[in-house]
Amino acid sequence: MINKTLSEKQNKQWWYGKIAYQIYLKSFYDSNGDGIGDIRGVILKLDYLKSLGVDILWLSPCYPSPWADQGYDISDYYNIDPRYGTLSDMDELIAEAANRKISILMDLVVNHCSDEHEWFKKACEDPDGRYGRYFYIEDRRISGELPTNQRSVFGGSVWEPLPGNPGKLYLHTFHKKQPDLNWENPEVRESVYSIASWWMDRGIAGFRIDAVTYIKKELPFINRPADREDGLCYIGRSKEIAEGLSVFLGEMRDRVFVPRHALTIGEVFNAQENETEAMIGENGYFSSMFDFSHISLGQKKLGWYSWDPVTIEDYKKCVTEAQQRIAGIGYFSNVIENHDRPRAANRYLPDSGRSEDGKKCLALAYFMLRGIPFIYQGQEIGMENYPFKSADEFDDVTSIDEYRVSLEAGLDEERALETAAGLSRDNTRTPMQWDDTDNAGFTTGEPWFPVNPGYKVINAGEQEGRSDSLLNFYRRMSGLRKAKEYINTFAYGDFIPEYEDREGLFAYHRRGEKDLLVLANLKEEEEVVRIASGFGILLNTMDEFSTEKDMLHLRGWQGVIVEIDEKK
Ligand code: TEU
Ligand code: CA
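**Focus: helix α12 (residues 397-408)**
For step 1, the next point in the chain: Here α12 spans 17 Å end to end across 12 residues, near enough to the 16 Å set by a 1.5 Å rise per residue.
For step 2, the next point in the chain: Regarding α12, the residues found buried are V397, T398, S399, D401, E402, Y403, V405 and S406.
For step 3, the next point in the chain: Tucked into the core, α12 has its buried residues touching α13 (413-423).
For step 4, the next point in the chain: Immediately beyond the C-terminal end of α12, within one or two residues, lies G410, with a positive phi of roughly 105 degrees.

**Considering the side chain of D515**
For step 1, the next point in the chain: With respect to the helices and strands, D515 occurs in strand β16 (residues 515-521).
For step 2, the next point in the chain: Look at D515 and you get buried, because its relative accessible area is 7%.
For step 3, the next point in the chain: If near-sequence neighbours (up to four positions away) are discounted, D515 is found in contact with H509, R510, V562, E563, I564 and E566.

**What to know about the sheet that holds strand β4 (residues 137-139)**
For step 1, the next point in the chain: As summarised here, the arrangement of the three strands in space is β4-β7-β6, forming an open sheet in which the pairing is antiparallel. The open sheet has two edge strands, β4 and β6 (159-162), and neither has a second partner. Strand-to-strand, the axes of this sheet are offset by a mean angle of 40 degrees, without reference to chain direction.
For step 2, the next point in the chain: In this structure, β6 lies alongside strand β7 (residues 165-171), joined through four bridges in antiparallel fashion. Pairing of E160 across the sheet is with Y170, part of β7.
For step 3, the next point in the chain: Together, β4, β6 and β7 form the strand contacts of helix α5 (residues 118-125), whose direction differs from that of β6 by roughly 65 degrees.

Criteria and thresholds
- Residues numbered from 1 in each chain as written.
- Chains lettered and ligands numbered in written order.
- Predicted model: local features only at pLDDT ≥ 70, side-chain atom pairs only at ≥ 80, totals over all residues.
- Heavy atoms only, no water.
- Helix = DSSP H or I, 4+ residues; strand = E, 2+ residues; numbered from the N terminus.
- Expected span 1.5 Å × (residues − 1).
- Buried < 20%, exposed > 50% of the residue type's maximum accessible area, 1.4 Å probe, protein only.
- Contact = heavy atoms within 4.5 Å.
- Pairing = 2+ DSSP bridges.
- Axes fitted to C-alpha atoms, helices over the stretch in contact; angles between N-to-C directions.

Pasting the structure below:
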């Protein structure tokens, strides 16, 4: 049984039965010993990815960039950063990946470019000219007041003096080295469509689209009530702009994505309730979007220091609600990690569950959800947060800013460090732990960011040959999701929660051609579940399993998938 409310077309897309993997290039694998991961490094690891069952690879930005925000500040959209390789390396990656039936998604970062992009340089030379109109440039007021009181995502005002033009200011939603592109200008939009088409025509399958809800600004610029003592108000999108955003996104879909059958995954935060359909429904702007509902759990208006910790029960409730909400609309892309968040093992698992058992159980719970599972590099071997000992170790702009915000709010240095360390984006950006040799086998040189000292224990090499390792469990999960008998059920089957009121037990059916019950006992205590009809065990996070008539005994941190047999 396939979800009736979805059209035939929506249910037939090639990507729903696939497994995706996110590569943070700088930290994946260094092929030439300069301490920086690169494209040839990815080519060398394609067989590893294939063995994990990966079909779709999302590459974080690899275009030339001054790396003020690790490549999310692009200075040339038509090239590859020389530290990552060349265009011909990229062509080779696309071809080698295709040989293994792996498709490539690039990161389309077009809310902003780098201040070192030639568009911005020309805008500074002639703010009233053609390239001045590529950006949001405003005259400085005589009163000294800024055009708006908005706060940028990375801290401080969104307004910055335009270099060489003391009377003018430009807008940046993120870092001041990331000036926002003015999507109201049709020429900017044409430029974006040309870039995206050019890459697609080179053979990539599509894009993950960065920060896409920010491209529409609330115009004319107005002040909003301050939400912190700094007198500023977060620039996050407001309801008023929703309509205009859809015009831009619809145009990009029709001009670039639809004609090229692109696979597009939107980075959509805080979509309004009624927008999901427009985003990823029948004729949506994107093929899919990340389910970030649980990623935003615990967030508060003030800095990181004010955020609440998140429990596994919060995660379960949130994901259950999101899966139900999306049922008749489209498909999410499901993640527990990405390059903007700490490691899932640290965020979701309590100390008692931060073991291979706990990691397998959490992996099972999210991987079998309805939608496209995305694995973030290192997640498949259970990498954990970096043990920061000093604020000087932070590389990421947000961690540095949030450390400052915590100090300003009155936290002492130790607590400010603890707060920033717990949520730092650097946690997921440390080098991939390939083996237990120097620098975890990531590089023969000096790594650009220190390797997590945990690599002696947690590394792919050790897990490769051990049949009960997390890595091999991920392989079994991909294998099962894509097995002929089950692929349709996992790809298209309904999500139906079970035992919702049992704390720490995340259980749901994937019901389609078959009825598969996913049971993840995400706590220390045992759990007993009764299944009336006959059943068989399809996958188990542990070696043993105990049943007693129709009772299943799940140990603490044990997860299983049960196939319910109606006939027995
Ligand atoms: O992130 C957009 C986003 O909204 C982030 O602000 C996120 O909330 C933040 O990273 C949490 O600290 C995307 C990219 O994923 C991120 O790496 C970039 O820094 C950002 O866009 C700007 O391009
Ligand atoms: Ca390198």
